[in-house]
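Residue-level listing of the chains:
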Amino acid sequence: MTGLLIVDDDELVRAGLRAVLGAQPDLTVLGEVGDGSDVVPAAVRLRPDVILMDVRMPKLDGIQATRLVLAKFPADAPKVLVVTTFANDEYVYEALHAGASGFLLKRARPEQIVEAVRVVARGDSLLFPAAIKKLAAAYSRPDGSLKAAGLTAREAEVLALMADGLSNAEIAERLVLGVETIKTYVGNVLGKLGVRDRTQAVVVAYRSGFVSP
């Protein structure tokens, strides 16, 4: 069972997400709050697996709330799924760079919302890779920082395929390797880049200029 925390200043949005997600047998809504300033206390109390995070809120925005909640749980942080109105918003890209694992449009269909939560919870594939690539093209400023990470040739190859949106199983098939081997390579990449999950690894890959949007 995947536990969820819904964060949005719009009560109707919270009610809609709660109705859609709470109806799934593998998902449970643990709680909801109306502002980013309430996220850390709620996360400490409820220990959700995934936080659905609005970006623009009156007291504390979703970018800063994401940074705070991830800093609060350095070893076992919840995944953050940004819920936004505009996919091409720089706020969304900054939230991803702050540590969010993906984003979701508020106008998405119920089945898309459910699948987005499941993808982020699993963490073995990238949510909306084409949209993340578009955001990176608009807002990344390549700085060459990835050169210091010391990736092996194979790890670099895996990272490039991650940036293309391939899952572990798809990378394994492409490279003719076992899925467990790919999981090891992905773990090595995350460790060397100092990031929590594959979304942050891909953001770093774009931001450094290692891959081009």
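Everything discussed here concerns the structure shown above.
Residues numbered from 1 in each chain as written. Predicted model: local features only at pLDDT ≥ 70, side-chain atom pairs only at ≥ 80, totals over all residues. Heavy atoms only, no water.

## Some remarks on the packing of aromatic side chains
Here comes step 1: This structure, assessed with the given rule, holds two aromatic pairs.
Here comes step 2: With 5.9 Å between their ring centres and 55 degrees between their planes, F103 and F128 make a pair best called tilted. Taken together, the residues span a long stretch of sequence, with F103 in strand β5 (residues 102-105) and F128 in the loop between α5 (110-122) and α6 (129-139) at a distance of 25 residues.
Here comes step 3: Residue F103 is classed as buried on the basis of its relative accessible area, which comes to 2%. (Phe/Tyr/Trp six-rings, centres within 6.5 Å; stacked < 30°, edge-to-face > 60°. Helix = DSSP H or I, 4+ residues; strand = E, 2+ residues; numbered from the N terminus. Buried < 20%, exposed > 50% of the residue type's maximum accessible area, 1.4 Å probe, protein only.)

## Regarding α6
Here comes step 1: All buried positions along α6 are accounted for by I132, L135 and A136. With its buried residues spanning 100 degrees around the axis, α6 presents them on a single face. Exposed and oriented more than 90 degrees from the buried face of α6 are A130, K134 and A137.
Here comes step 2: Where α6 is buried, its residues contact α4 (90-98), β5 and α10 (198-208). (Arc of directions from axis to C-beta. Contact = heavy atoms within 4.5 Å.)

## Regarding the pairing of strand β1 (residues 2-7)
Here comes step 1: Taken across its six residues, β1 has six buried, putting it largely inside the fold.
Here comes step 2: Residue alternation in β1 divides its side chains into two sets, T2, L4 and I6 and G3, L5 and V7, and both sets are buried.
Here comes step 3: Here β1 pairs with strand β2 (residues 27-33) via six bridges, running parallel. By the bridge assignment for β2, I6 is matched with E32.
Here comes step 4: As for the winding sense of the linkage, the β-α-β connection from β1 through helix α1 (residues 11-22) to β2 is right-handed.
Here comes step 5: Where β1 lies against strand β3 (residues 50-54), four bridges are found, and the strand directions are parallel. The residue bridging V7 from the neighbouring strand is M53, located in β3. (Pairing = 2+ DSSP bridges. Right-handed = clockwise from strand over helix to strand, strands pointing away.)

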